[in-house]
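Chain and residue survey
For reference, the chains in residue letters:
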Amino acid sequence: MATAPIVIPENDPKNPVPFPLPRLAGMDNVPPHVPKELIRSTGLPFSPEFNENPYEFFPRMHETLPPIYYDVGPMQNAWQLIKHEDAFFALRHGEYFSSASSTPFPRDPKDYFYFLPIEIDPPAHRKYRAIVDPLVNPQAVLKWEERIRTLSNQLIDAVIEKGECEFTEDFARPLPVCVFLDLMGLPQDMRDQFVTWVVQLLKNMDPAKMIGVMKEIGDYLNTAIAEKRRNPDEGMISRIVHAAPNGEPLSEKEIFGFVFFVFIAGIDTVYATLNNIWYWLARNPERRHEMIGDPGNINAQVEELLRVFSVTFSGRILKQDLELRGVKMKAGDRITSVLPACNYDPEVFPNPREVDFHRPRKPILAFAGGVHSCMGAHLARLEIKIGLQEWLRRIPDFQVKPGVDVKYVPSAVVGPEPLPLVW
Amino acid sequence: MPLVIYVEADGARHEVDVPLGENVMRGAVNNGVEGIVGECGGGLACATCHCYVDAAWADKVGGPSSDDERDMLESAAAEVRPTSRLSCQIAITPELDGLVVELPERQY
């Protein structure tokens, strides 16, 4: 049966408006074009079954699910892609897959803004990336190396004599927050406040409470933006505030949405990744020693750990009807690339469960791909690398505190916490 | 500034002055040369900045600069040839003034 074509509006960054299509959720809201045999309820990523052992759940998806299926859940219904090839296809074809409405954070409809550049499709998104790329490209981030090393050691200094720590609070969360503050040009005395905001915003499932926290963060960021307007510096906020692509300065809403997005994107993801890695290291002493004994291979070690411990998903919305692997999807359908599962695709990474620090290098999806490929990827790699180097140098032997049952908490970013360690 | 000449698969030529210290990938991306994507930003993580160094320049530019580049080239979408490089790994130096690189038909 023919249906009226759905027109997905291009987001106009100068005139932000709420996305017109609702998020469908639940079995009562499955569109009629979805074949019954492709409907699943995987429970990803909030169910107890998933959080029992996420990094066994992801590789198993390739053994138990069709490559493309329609996932029905309490928060959202969407097609899910678990093949490496399919996720790259979705991420690289903006003509089919729009990233408008890809960020679930609630905003006031009367004072709407877009998270930039993530919610803007190519080619318009490029002008935003060009503003910050010079601060976060692989060469540029090298200038942070000594600073990150110093910060890592300060955090280790604070706990090493105690013989134990809660890794999340004592290392994984403050490290990216400190780096973020430096990168943005914000004072380090805001560290605890930012840590609190991260937890309140990103570990909160209640949209009403989220709005309150977002207002508080937004007010602070607006003050910082105003201050950088008066006193320019080398930091990212100042760079965004004073940018004028093609001679045209960004509007206030563009600046705000850009600065806010960097905050959301760069903290939670890093600390979840660190927690995953340290949880694994704590339980695998022989692998720890393998890493310590092969310091020249640290980059490959980081890349492989990022492959097996990816933490996020990538949402898109179809702009036009599309058939993929024989599955007919329609304009307006939501699509989620299950990036951590794609990194266990046995067709690309043979024997995918094995953590192998000598795999040939291939594109991984930890940082998504395509034009919206994570702009902080090189900084994140550097933070993980230096964190590993310094921690393993000073605390080579550690384990999960005996008697503690480490749990994964339901979250859109996959990581265990709390993570009490002893040495 | 050294000049880099990008020749697209359809023959279109772009002559671009690229600052010293930059690389061949960024010279393209920052100047609207569409045959290079460079989606990961230059970190040997995507294989979308594949180029063929012109035969006359191949010796001066040299082959892949690391095992990672060699591995990553195998993920390139277009045919890999003896002068294939990932352009993010070719740093712009005074010696490369006039460099000619050909771009493949597709990057993914």
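Residues numbered from 1 in each chain as written. Chains lettered and ligands numbered in written order. Predicted model: local features only at pLDDT ≥ 70, side-chain atom pairs only at ≥ 80, totals over all residues. Heavy atoms only, no water.

1. Regarding the overall build of chain A
Secondary structure summary: chain A contains 17 helices and eleven strands in total. A globule of 423 residues ought to have a C-alpha radius of gyration of about 22 Å, and chain A, at 21 Å, matches this closely. Summarising its shape, the C-alpha atoms of chain A cover approximately 70 × 55 × 40 Å along the three principal directions. By the burial criterion, 58% of the 423 residues in chain A qualify as buried. Relative to all contacts within chain A whose residues are 6 or more apart in sequence, the contacts with residues 24 or more apart total 73%. For chain A, the accessible surface area stands at approximately 17700 Å², while carbon and sulfur atoms represent 55% of it. Charged side chains in chain A number 46 positive and 55 negative. The centres of these two groups are separated by 2 Å. (Helix = DSSP H or I, 4+ residues; strand = E, 2+ residues; numbered from the N terminus. Rg over C-alpha atoms; globule rule 2.2 N^0.38 Å. Buried < 20%, exposed > 50% of the residue type's maximum accessible area, 1.4 Å probe, protein only. Contact = heavy atoms within 4.5 Å. Areas by Shrake-Rupley, 256 points an atom, 1.4 Å probe, with all protein chains shown as cover. Lys, Arg positive; Asp, Glu negative; His and termini not counted. Charge placed at Lys NZ, Arg CZ, Asp CG, Glu CD.)

2. Remarks on the overall build of chain B
A tally of regular secondary structure across chain B gives three helices and five strands. Secondary structure elements of chain B occur, N-terminal to C-terminal, as β-β-α-β-α-α-β-β. By the compact-globule yardstick of 13 Å for 108 residues, chain B fits well, its C-alpha radius of gyration being 12 Å. The principal-axis extents of the C-alpha atoms in chain B amount to approximately 30 × 25 × 25 Å. The proportion of buried residues among the 108 residues of chain B is 49%. Intrachain contacts of chain B at a sequence separation of at least 6 include 67% that bridge at least 24 residues. Looking at chain B as shown, the accessible area adds up to about 4900 Å², and 45% of this sits on carbon and sulfur atoms. Across chain B, the centroid of the 7 positively charged side chains sits 2 Å from that of the 19 negatively charged ones.

3. Description of the pairing of strand 2 (residues 13–17) of chain B
Moving residue by residue along a regular strand, the side chains alternate between the two faces of the sheet. All names here are of chain B. Where strand 1 (residues 3–7) and strand 2 come together, five bridges link them in antiparallel fashion. When the bridges of strand 2 are listed, Val4 appears paired with Val16. What sits between the antiparallel neighbours strand 1 and strand 2 is a turn of five residues, in which Gly11 has the positive phi angle 95°. (Pairing = 2+ DSSP bridges.)

4. A word on the environment of Pro122 of chain A
All names here are of chain A. Within the secondary structure, Pro122 sits in the loop between strand 4 (97–98) and helix 4 (126–136). Owing to a relative accessible area of 32%, Pro122 belongs among the partly exposed residues under this scheme. In this structure, Pro122 is in contact with Gly94, Val371 and His372, ignoring residues within four places of it in sequence.

5. Notes on the sheet that holds strand 10 (residues 399–400) of chain A
Residue and element names in this part refer to chain A. Taking strand neighbours across the sheet as the criterion, the three strands line up as 5-11-10 in an open arrangement whose pairing is antiparallel. Looking at strand neighbours, the two that pair on one side only are strand 5 (164–166) and strand 10, the edges of this open sheet. Bridging between strand 10 and strand 11 (residues 420–422) involves two bridges; their strand directions are antiparallel. In the strand pairing of strand 11, Gln399 is matched with Val422.

6. Notes on the interface of chain B and chain A
Each partner contributes residues to the interface: chain B has 18 residues there, and chain A has 16 residues. Across the interface of chain B and chain A, roughly 1400 Å² is buried in total on both sides, 44% from carbon and sulfur atoms. Linking chain B with chain A are two salt bridges, by the criterion used here. With its nearest N and O atoms 2.8 Å apart, the salt bridge here joins Arg92 of chain A to Glu39 of chain B. At the boundary of chain B with chain A, the tally comes to nine residue pairs in polar contact (both at pLDDT 80 or more). Listed by contribution, the elements that provide at least two residues to the side of chain B that touches chain A are helix 1 (24–29) and helix 3 (67–73) of chain B. Here the element with the most residues in the side of chain B that touches chain A is helix 3 of chain B; it accounts for three residues. Per-class residue counts for the side of chain B that touches chain A are seven nonpolar, seven polar and four charged. (Buried area = accessible area lost by both parts, 1.4 Å probe. Salt bridge = Lys/Arg side-chain N within 4 Å of Asp/Glu carboxyl O. Polar contact = N/O pair within 3.5 Å; in protein donor to acceptor, adjacent residues only side chain to side chain. Nonpolar A, V, L, I, M, F, W, Y, C, P; charged D, E, K, R; others polar.)

7. Considering helix 8 (residues 174–184) of chain A
Residue and element names in this part refer to chain A. With eleven of eleven residues buried, helix 8 lies mostly within the body of the structure. Within the span of helix 8, buried status applies to Pro174, Leu175, Pro176, Val177, Cys178, Val179, Phe180, Leu181, Asp182, Leu183 and Met184. Looking one or two residues past helix 8, Gly185 carries a phi angle of roughly 85°, positive in sign.

8. Points about the nonpolar core
One finds Phe194, Leu201, Phe260, Phe263, Trp278, Leu388 and Trp391 of chain A to be the most contacted residues of the largest nonpolar core, which totals 120 residues. Here this core takes ten residues from helix 13 (residues 268–283) of chain A, the largest share from any one element. If you look at the next biggest cluster of nonpolar residues, it comprises 29 residues, including Val18, Val24, Met72 and Val101 of chain B. (Core = buried A, V, L, I, M, F, W, Y, C linked by side-chain atoms within 4.5 Å.)

9. Focus: the sheet that holds strand 1 of chain B
Residues and elements named next belong to chain B. With respect to topology, five strands assemble into an open sheet ordered 2-1-5-3-4, the strand pairing being mixed. Looking at strand neighbours, the two that pair on one side only are strand 2 and strand 4 (84–86), the edges of this open sheet. On average, adjacent strands in this sheet sit at an angle of 35° to one another, irrespective of strand direction. For strand 3 (residues 50–53) and strand 4, the ladder comprises three bridges, and the chain directions are antiparallel. Bridging from a neighbouring strand, Tyr52 pairs with Ser84 of strand 4. (Axes fitted to C-alpha atoms, helices over the stretch in contact; angles between N-to-C directions.)

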